[in-house]
Amino acid sequence: MNEVDIRKYAALMAELGLTGLEVTEKDQVVRLERAPASASLAGKGEETVSSLVPQPVECSADAEVCSPMVGVFYAAPAEDADPFVQVGDYVKKGQVLCIVEAMKLMNEIMAEEDGEILEICAENGQVVDYGCQLFRMKRTL
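Heads up: these notes are all about the structure in this document. Values in this document were obtained by computation on a predicted structure and should not be read as measured data.

Rules and cut-offs
Note on numbering: residues in each chain are counted from 1, in written sequence order. Confidence filtering applies because this is a predicted model: local features only for residues at pLDDT of at least 70, side-chain atom pairs given and counted only at 80 or more, and all residues used for totals across whole chains, interfaces and linings. Side-chain metrics in this entry use all non-hydrogen atoms of the structure; hydrogen atoms and water are not considered. Runs of E in the DSSP output that reach at least two residues are strands. Runs of H or I that reach at least four are helices, and both are numbered from the N terminus. The buried label goes to any residue with under 20% of its type's maximum accessible area, the exposed label to any with over 50%, and the partly exposed label to all in between, with areas taken from a 1.4 Å probe on protein chains only. Here the Shrake-Rupley method, with its probe set to 1.4 Å, supplies the accessible areas, and only the displayed protein chains count as covering residues. For two strands to be treated as a pair, DSSP must find no fewer than two bridges joining them. Every case where a carboxyl oxygen of Asp or Glu lies within 4 Å of a side-chain nitrogen of Lys or Arg is listed as a salt bridge. Geometry of aromatic contacts follows a simple scheme: Phe, Tyr and Trp rings, the Trp one being its six-membered ring, pair when their centres are within 6.5 Å, and the pair is stacked under 30 degrees between planes, edge-to-face over 60, tilted otherwise. For patch building, the residue pool is restricted to those with more than 30% relative accessible area and no salt bridge; the joining distance is 9 Å between like charges and 5 Å between nonpolar side chains (Val, Leu, Ile, Met, Phe, Trp, Tyr).

Attention shifts here to the overall build of the protein. Within the protein one finds one helix and eleven strands. The order of helices and strands in the protein, counted from the N terminus, is α-β-β-β-β-β-β-β-β-β-β-β. Split into buried and exposed, the 141 residues of the protein put 35% on the buried side. Per element, the accessible surface of the protein, about 8400 Å² overall, is 53% carbon and sulfur.

Here we take up the sheet that holds strand β10 (residues 127–128). Strand order in this open sheet of four strands is β8-β7-β5-β10, and the pairing throughout is antiparallel. The sheet terminates laterally at β8 (105–110) and β10, the two strands that pair on one side only. In this structure, strand β7 (residues 96–102) lies alongside β8, joined through six bridges in antiparallel fashion. Bridging across to β8, Cys 98 finds its partner in Ile 109.

The subject of this paragraph is the pattern of salt bridges. For the structure on display, the rule yields two salt bridges. Arg 139 is the salt-bridge partner of Glu 113, the closest N and O atoms lying 2.9 Å from each other. Note that Glu 113 is positioned in the loop between β8 and β9 (115–120) and Arg 139 in strand β11 (residues 133–139), a separation of 26 residues in sequence. Linking Arg 136 and Glu 119 is a salt bridge whose minimum nitrogen-to-oxygen distance equals 3.1 Å. With Arg 136 in strand β11 and Glu 119 in strand β9, this pair connects stretches of sequence that are 17 residues apart. Arg 136 gets classed as partly exposed once you look at its relative accessible area, which sits at 27%.

The next point concerns the pairing of β9. Of the pairings in the sheet, the one linking strand β6 (residues 90–91) to β9 comprises two bridges and is antiparallel in character. Considered in β9, the bridge of Val 91 is made with Gly 115. Where β9 and β11 come together, five bridges link them in antiparallel fashion. By the bridge assignment, Ile 120 is partnered in β11 with Phe 135.

Inspection of every chain in the model, using the stated rule, returns one aromatic pair. Ring centres 6.0 Å apart and planes at 55° place the aromatic pair Phe 73 and Phe 135 in the tilted group. Of this pair, Phe 73 sits in strand β5 (residues 71–74) while Phe 135 sits in strand β11; the two residues are 62 residues apart in sequence, bridging distant segments of the chain. Across the pair, exposure class does not vary: Phe 73 and Phe 135 are buried alike.

Judged by side-chain polarity, Val 70, Val 127 and Tyr 130 come together as a nonpolar surface patch covering roughly 260 Å² of accessible area. For Val 127, the location among the structural elements is in strand β10. Note on Val 127: relative accessible area 57%, which makes it exposed.

Right, here's the structure in full:
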C-alpha cells in the first residue's frame, strides 16, 4: 500500500468522523487511528498507526457513556451470547460494556469508572452516531 492510498483512507476517516480504520490489501494490513476531535488541540486530525482503543466520552455529571464513533451498537459479543452488561449490573473501570462496529472493525467500548448500569439507551443492532448516549450509569465510590 502506498502513501497516496493511506492519505485517501485518512481523508475518508475525517469525512466520516471515524477514529479508527483497518485496511487489509493482499498480504498487508494498515491500521489508522486518530484521537476524537475533542481529545486535544495538538493532536487534532493527526492519523497514526497504533493500537489505541477508542474510549467512551464522558457526557455529564451523572455518568453517561456515549459513542466515540459512528457505527452499529452490539450489546453482546455474538448473536447467541449473553449481553456484556444488563440494567442493574455493577461494572468496574475498564470492563467492556458493548461493541460499536465501524467499517467492519469491532471497537470495544469500556467503562471509564466503576458504577451501576441504570439504563441501556441503544438497541442491539442500532446505528449510533458520534456522541450518541449508549448507557446511563450511577457512579460508585
